[in-house]
Amino acid sequence: MQGPSPVASAAGERWYAPRETVPETGRQWSDWARWLYFATGRAAASIRREAAQAVVLLEALRTLSDLELDQRLIAPREALRRAYRRGAAAPREQFLEAVSIVCELARRTVSMTPYAVQIQATITLLDGCAAQMNAGEGKTLSVALAAALHGLAGRHCHVVTANDYLAARDVDLMRPLFERCGLSAVALVPQSPPDQRRACYDHDLVYGTGKELLADFLRDQIASDSAGSGVLRLIHQMKSGQSGARAVVMRGLDAAIVDEADSVLIDEATTPLIISAGEGNEMLLEAVRTACGLADQLIADRHYTIDRRFRDVDFTDEGRALIESITAGLSGLWRSEARRDDLLGQAVIARDLFERDRHYIIDEGEIVIVDENTGRTMPGRSWSYGLHQAIEARAGVELTEPARTLARMSFQDFYARYQHLSGASGTLQGIQFELWRTYGLPVVVVPPRLPSRLAVPAPRHFPDSDRKCSALIGEVVRLRAAGHAVLVGTRRISDSERVAQDLSALGIDTLVLNAKQHDREAEIISSAGEPGVV
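Structure report, in brief.

Definitions and limits used
Residues numbered from 1 in each chain as written. Predicted model: local features only at pLDDT ≥ 70, side-chain atom pairs only at ≥ 80, totals over all residues. Heavy atoms only, no water. Helix = DSSP H or I, 4+ residues; strand = E, 2+ residues; numbered from the N terminus. Buried < 20%, exposed > 50% of the residue type's maximum accessible area, 1.4 Å probe, protein only. Contact = heavy atoms within 4.5 Å. Expected span 1.5 Å × (residues − 1). Bend = angle between axes of the 7 residues up to and from the residue. Phe/Tyr/Trp six-rings, centres within 6.5 Å; stacked < 30°, edge-to-face > 60°. Lys NZ or Arg CZ within 6 Å of the ring centre and 35° of its normal. Pairing = 2+ DSSP bridges. Axes fitted to C-alpha atoms, helices over the stretch in contact; angles between N-to-C directions. Core = buried A, V, L, I, M, F, W, Y, C linked by side-chain atoms within 4.5 Å. Patch = residues over 30% accessible without salt bridge, like charges linked within 9 Å, V, L, I, M, F, W, Y side chains within 5 Å. Areas by Shrake-Rupley, 256 points an atom, 1.4 Å probe, with all protein chains shown as cover. Salt bridge = Lys/Arg side-chain N within 4 Å of Asp/Glu carboxyl O. Lys, Arg positive; Asp, Glu negative; His and termini not counted. Charge placed at Lys NZ, Arg CZ, Asp CG, Glu CD.

1. Points about the side chain of Gln118
Right, so step 1: The residue Gln118 is located in helix α6 (residues 116–126) in this model.
Right, so step 2: According to the relative accessible area criterion, Gln118 is buried, its value standing at 7%.
Right, so step 3: If near-sequence neighbours (up to four positions away) are discounted, Gln118 is found in contact with Thr113, Met133, Glu137, Gly138, Leu141 and Ser142.

This is the structure in structure tokens:
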């Protein structure tokens, strides 16, 4: 029996192409056969050919009226929905027609005409692959086109963004396209009550961060477990006045498109998200306060050694002798050697490894964690195993109650549960096999539309931070005088503020975006990129 077309099988995705069939031969896939199909670039070549076909179809659609275009969409949309319901491959001709029609709708609604490379990325995402697409090549549009086609096929699609601002921005930007396709889209709003979140998931397309999606999934798990199973769960639903379909917030994990896939699926994926509840323990809070004071008597490399990578403290023999001495008169938790080591270890880590305005900020008397990868605050989140309370004691703010874990899951486990997973990023080099091994997610490289003009000068090294900062300021002044927009990235909040102060002293106004200005993010970003703006 003849197998499906090369691109149809390229990703091995269930509703566009059976996962089991090798292109052109009809034989059964092996894991290595599928890996080699992508590694040799045969999949990318097939996708380029289909994107070229879609471009030809797109040109022919421009003469149609809006009514004629709507009628033209009916047949391919029904073909996609039938294929999704059966779990089979849709006819590729109708699939490509649907892609071209949605591209034409994008041109008419949001004034964005997809280039061939953006159509390649769209097909790559729909085929269940990770698209490696350079920055500035139009990932936002490609993701929106793929999400719209998921929605047209009847899939409930989650678009995972790097932060809440991008989720809201992309939904607002692409809403005319989605509505023209007869789809509803929404951005998840953090801290919204369950009823509002349940209404969000009733939409066809949901934009949000992985943290918000996983938190809702875990809360649904907790609610389901507390309701029991079988008859007990039915009784619980009847008492609460909810039907089985409405007892949870989410509608399941059908399709997900992950933006910045390298960061979301690999870099941060092994970190667990923990749902916890506070439990009063005044004795423990008092012990944390005491440990904060006692830790100041401990000297690094003499009384303890610290592993900065794993945040682990190992006390020396001299250190243990000192701990025995300074805690001899204490009672309660201090009588246990294990608890002593734990309390003082967390106090030392809070003092030596966590810096204010880098790892956390203090907002209205509360510790708010700063995500080191994005520089954004994470309200409502806390470090576990007493570390959060140790940092609060060190910062001199009111201690929060320690929490017990109700549910936890790594992001890696969560994303692997989706029936259809795809992603896009400009930096997937070197992690292709890890994406394949972890998620069965092949990488397809989408070429740039135009040759890159990126110039990367040789690195410069300085003996101290003052000279480095002075050279940085000089380079900013030079680029700004030439009319360029300038973006300065720093590792610490304090560094960004220092650079801004030095530039202000020279009469150069700057826009500072860090964790302290998260509420002005949209306003600041809208001004960035203008000539001379720093």
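2. Regarding helix α4 (residues 66–86)
Two residues of an α-helix separated by three or four positions point the same way, owing to the 3.6 residues in each turn.
Right, so step 1: Taking 1.5 Å per residue as the helical rise, α4 with its 21 residues ought to reach 30 Å, and the 31 Å between its terminal C-alpha atoms agrees with that figure.
Right, so step 2: Bending of α4 peaks at approximately 30 degrees at the position of Ile74, with proline Pro76 no more than four residues after it.
Right, so step 3: By the burial criterion, the buried members of α4 are Leu69, Leu73, Pro76, Ala79, Leu80 and Ala83.
Right, so step 4: For α4, the secondary structure elements touched by its buried residues are α3 (42–61), α5 (92–110) and α7 (139–152).
Right, so step 5: Note on α4: the residue one or two positions beyond its end, Gly87, has a positive phi of about 70 degrees.

3. Quick notes on the packing of aromatic side chains
Geometrically, a pair of aromatic rings is defined through the distance of the ring centres and the angle of the planes.
Right, so step 1: Enumeration according to the criterion identifies 6 aromatic pairs in this entry.
Right, so step 2: Arranged with centres 4.9 Å apart and planes meeting at 70 degrees, the rings of Phe354 and Trp383 form a pair that is edge-to-face. You can see Phe354 sitting in the loop between α15 (337–352) and β9 (360–363) and its partner Trp383 sitting in the loop between β11 (377–378) and α16 (387–395), a full 29 residues away along the chain.
Right, so step 3: The ring centre of Tyr115 lies 3.9 Å from the NZ or CZ of Arg449, which sits over that ring.

4. Digging into the sheet that holds strand β13 (residues 420–425)
Right, so step 1: Strands sit in the order β3-β4-β2-β5-β13-β1-β14 across an open sheet of 7 strands; the sheet is parallel. Single-partner strands in this sheet number two, and they are β3 (185–187) and β14 (443–445). The mean inter-strand angle of the sheet, taken between neighbouring strand axes irrespective of direction, is 20 degrees.
Right, so step 2: Running over the sheet, α6 touches β1 (130–132), β5 (255–259), β13 and β14 and is turned about 150 degrees from β13.
Right, so step 3: Most of the contacts of α7 go to β5, to which it runs at about 180 degrees, and overall it touches β2 (157–161), β4 (205–209), β5 and β13.

5. Description of the pairing of β2
Right, so step 1: Taking burial as the measure, the 5 residues of β2 include 5 buried ones, the bulk of the element.
Right, so step 2: Going residue by residue along β2, you find Cys157, Val159 and Thr161 tucked away on one face and His158 and Val160 tucked away on the opposite face as well.
Right, so step 3: Two elements, β2 and β4, share 5 bridges in a ladder whose sense is parallel. Considered in β4, the bridge of Cys157 is made with Leu205.
Right, so step 4: Of the pairings in the sheet, the one linking β2 to β5 comprises 4 bridges and is parallel in character. Residue His158 lies in a different strand from β5, and its bridge partner there is Ala256.

6. A short note on unusual backbone geometry
Phi is mostly negative for residues that are not glycine, and the peptide bonds are mostly trans.
Right, so step 1: The phi dihedral of Ser111 falls on the positive side, at around 55 degrees, and the residue is not glycine.
Right, so step 2: Among the residues examined, Ser111 registers a relative accessible area of 65% and is labelled exposed.
Right, so step 3: We note that Glu364 has phi near 55 degrees; this positive angle belongs to a residue other than glycine.
Right, so step 4: Note on placement: Glu364 falls in the loop between β9 and β10 (366–370).

7. Let's talk about the nonpolar core
Within soluble globular proteins, side chains that are nonpolar generally end up buried alongside one another.
Right, so step 1: Residues Leu149, Leu177 and Phe178 are the most contacted members of the largest nonpolar core, which totals 58 residues.
Right, so step 2: A total of 10 residues in this core trace back to one element, the largest contributor, which is α5.
Right, so step 3: Residue contacts for Phe178: discarding those within four places in its chain leaves Ala144, Ala148, Leu183, Ala185, Leu205 and Tyr207.

8. Overview of a negative patch on the surface
Right, so step 1: A surface patch of negative charge is lined by Asp363, Glu364, Glu366 and Glu398.
Right, so step 2: Mapped onto the elements of the fold, Glu366 is located in strand β10.
Right, so step 3: Judged by relative accessible area, which is 52%, Glu366 ranks as exposed.

The values are spatial; any link to function lies outside them.
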